[in-house]
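Structural characterization, general
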Amino acid sequence: MPDKITLSVIKADIGGYVGHSSSHPQILKKAEERLDKARHKKLLVDFYVTHCGDDLELIMTHRKGTEDQEVHELAWNTFVQCTEEAKKLKLYGAGQDLLKDAFSGNVKGMGPGIAEMEFVERKSEPIIIFMADKTSPGAWSMPVFRMFADPFNTAGLIIDTNMHGGFVFEVMDIKENKTIRLSCPEEMYDLLAFIGSINRFMIKAVYRKSDGEIGAAASTDRLSLIAGKYVGKDDPVLIVRCQSGLPAVGEVLEPFAFPHLVEGFMRGSHHGPIMPVSFDQSTPSRFDGPPRVIAAGFQLADGRLIGPRDMFDDPGFDLARQKANEIADYIRHHGPFEPHRLPMDEMEYTTMPDIMKKMEDRFQKLD
Ligand code: F6R
Ligand code: MG
Ligand code: MG
């Protein structure tokens, strides 16, 4: 049995520069130093540190499997040390995603977002890691559906024998904390009935039906539910394996040519278009947005991360960026009105309870 490799992407906002718009280079340097030590000690095979907006992203390969205590503790301690650095620079919201004081075995439910998968590396293993800022994991549902189930996006579903059988989607109900597996194409309408509700049902993973091979894994953490109160948007990450019986690189990127509306934007309380951008444009500054997504492409070579290639740094996505700006402009004109502002119970910030209380006596009951 060949050795399996694990790819873990663990992220947290541990301080923004300036405001919530980006990350400071010193923070990235600190994280690199910490992970480099772990690579020397052979805990990690390889790593890459980056940021998307104000989120620090740790991309790590190792042979320990998913939910490994040592790897999760490494990520947690890295975030803690980077928070100390962020405090020295008085970066904004230092440590905002670290919701617990001490590590207890697994970073799940402690604030950071996690996407992980374990697999046997193929003869060639192209991978794309998507990272988003100013939105939530529901943002992945439409593009992931398109990659793995929509023949108008993914030609391979029709014309490649290796994927013609379809894919199985593992969907999480984040309100009830349970999962369900739905098989496409047969159960496509049931799947869409769930994942169309982007704030409740989220795609957690996708598997090839013919052999169970994993194709995608997403972070499905909801900071707001974890903390029981607003502590920042749960900016998500997504890993997708490509080619040879899985969607091709171009089929995986294609859904982002349409800048669909997602939840997030200013104060995590608005709808806005998600804009695919190059690494250096992942700095949401207009109305704390529009929401951004970057795509880091890697070839794995015995666990080594060869890359990244900046996949959205391509004129092929210029139109999507322009369209996103036009949509942002249009929806911004709605100001405090829905559907720009989220429905009342989806907003991360609200003054409503206070206003209701203050105005209670002034409401006049109609017969
Ligand atoms: C959204 C986000 C920002 C902040 C906003 C207000 O996910 O992080 O839009 O919500 O800048 O931030 P505070 O309340 O920290 O002043
Ligand atoms: Mg922030
Ligand atoms: Mg963020």
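Please refer to the structure placed before this passage.
Heads up: these notes are all about the structure in this document. (Residues numbered from 1 in each chain as written. Chains lettered and ligands numbered in written order. Predicted model: local features only at pLDDT ≥ 70, side-chain atom pairs only at ≥ 80, totals over all residues. Heavy atoms only, no water.)

**What to know about the packing of aromatic side chains**
Taken as a whole and assessed by the stated rule, the structure comprises 11 aromatic pairs. When the ring of F130 is compared with that of F312, the centres are 6.2 Å apart and the planes differ by 45°; the resulting orientation is tilted. Placement of the pair is F130 in strand 5 (residues 125-133) and F312 in the loop between strand 15 (304-310) and helix 8 (318-332), with a sequence separation of 182 residues. An identical accessibility class is assigned to F130 and F312; each is buried. An aromatic cluster of three or more residues is present, and its members are F130, W140, F256, F312 and F317. Against the face of F119 rests R241, its NZ or CZ located 4.0 Å from the ring centre. The lysine or arginine in question, R332, covers the ring of F287, its NZ or CZ lying 3.5 Å from the ring centre. (Phe/Tyr/Trp six-rings, centres within 6.5 Å; stacked < 30°, edge-to-face > 60°. Helix = DSSP H or I, 4+ residues; strand = E, 2+ residues; numbered from the N terminus. Buried < 20%, exposed > 50% of the residue type's maximum accessible area, 1.4 Å probe, protein only. Lys NZ or Arg CZ within 6 Å of the ring centre and 35° of its normal.)

**Some details on the coordination of the magnesium ion (ligand 3)**
By definition of the ideal shapes, four donors in a tetrahedron about a metal sit 109.5 degrees apart, and six donors in an octahedron sit 90 or 180 degrees apart. Donor atoms from the polypeptide that bind the magnesium ion (ligand 3) are D54 (OD), D55 (OD), D133 (OD) and D235 (OD), placed at 2.0 to 2.3 Å. Linear spacing of the donor residues for the magnesium ion (ligand 3) on their chain is D-D-x77-D-x101-D. Separating the magnesium ion (ligand 3) from the magnesium ion (ligand 2) is a gap of 4.8 Å, which D54 spans by donating to each of them. Of the two residues, D55 sits in strand 3 (residues 55-62) while D133 sits in strand 5, which places them 78 residues apart along the sequence. When its relative accessible area of 0% is taken as the criterion, D133 is described as buried. (Donors = N, O, S within 2.8 Å, 3.2 Å for Na, K, Ca; no water.)

**Observations regarding the coordination of the magnesium ion (ligand 2)**
Surrounding the magnesium ion (ligand 2) are the protein donor atoms D13 (OD), H20 (ND1) and D54 (OD), at 1.9 to 2.2 Å. Spacing between the donor residues of the magnesium ion (ligand 2) along their common chain follows D-x6-H-x33-D. Note on H20: relative accessible area 25%, which makes it partly exposed. Residue D54 is classed as buried on the basis of its relative accessible area of 2%.

**Re unusual backbone geometry**
For the bond running from G307 to P308, omega is 5°, close enough to zero to count as cis. Its location among the elements puts P308 in strand 15. Here E338 and P339 are connected by a cis peptide whose omega angle stands at 5°. Turning to its location among the elements, P339 is positioned in the loop between helix 8 and helix 9 (352-359). Phi is positive for F287, close to 50°, though the residue is something other than glycine. Residue placement: F287 occurs in the loop between strand 13 (275-276) and strand 14 (292-301). By relative accessible area, which is 23% here, F287 ends up partly exposed. Positive phi outside glycine occurs at D288, with the angle close to 50°.

**As for the packing of helix 1 (residues 25-40) against helix 2 (residues 69-88)**
Their axes nearest at 9 Å, the elements helix 1 and helix 2 cross at an angle of 145°. Taken as a pair, helix 1 and helix 2 cross one another with a handedness that is right-handed. Residues Q26, I27, K30, A31, R34, L35 and A38 of helix 1 touch helix 2, and the partners they reach there are L74, N77, T78, Q81, C82, E85 and A86. Considered class by class, the residues forming the contact of helix 1 with helix 2 number 7 nonpolar, 4 polar and 3 charged. (Axes fitted to C-alpha atoms, helices over the stretch in contact; angles between N-to-C directions. Left-handed = near helix turned anticlockwise from the far one by under 90°. Contact = heavy atoms within 4.5 Å. Nonpolar A, V, L, I, M, F, W, Y, C, P; charged D, E, K, R; others polar.)

**Some remarks on the sheet that holds strand 2 (residues 46-52)**
Across the sheet, 4 strands lie side by side as 2-3-1-4; this open sheet has antiparallel pairing. A single partner strand is all that each edge strand has here, and the edge strands are strand 2 and strand 4 (113-120). Strand-to-strand twist across the sheet, computed as the mean angle between neighbouring axes with direction ignored, equals 15°. Two strands pair when backbone bridges link them, and strand 1 (residues 4-12) and strand 4 are joined in this way by 8 bridges, in the antiparallel orientation. (Pairing = 2+ DSSP bridges.)

**Details of the pairing of strand 8 (residues 201-208)**
Along strand 8, 7 of the 8 residues are buried, which leaves the element largely enclosed by surrounding structure. Sheet topology note: the strand 6 (residues 167-173)/strand 8 ladder contains 7 bridges and is antiparallel. Note that in strand 8 the partner of D173 across the bridge is F201. Note: strand 8 against strand 9 (residues 214-218), 3 bridges, orientation antiparallel. Counted as the bridge partner of Y207 is I214 from strand 9. Counting the residues in the hairpin turn of strand 8 and strand 9 gives 5 residues, including G212, whose phi is positive at 75°.

**As for the state of the cysteines**
All chains considered together, the criterion is met by 0 disulfides. Here C52 is not cross-linked by a disulfide; its sulfur's nearest cysteine counterpart is in C82, at 17 Å. The buried category is assigned to C52, whose relative accessible area is 0%. (Disulfide = S-S within 2.5 Å.)

**What about the site of ligand 1?**
Taken together, 11 residues sit near ligand 1, with H20, Y92, R267, D288 and Y349 positioned nearest. Surface burial for ligand 1 is 79%, taken as the share of its 410 Å² of free accessible area covered by protein chains. Across the shell around ligand 1, the residue classes tally to 5 nonpolar, 2 polar and 4 charged. (Near = heavy atom within 4 Å. Areas by Shrake-Rupley, 256 points an atom, 1.4 Å probe, with all protein chains shown as cover.)

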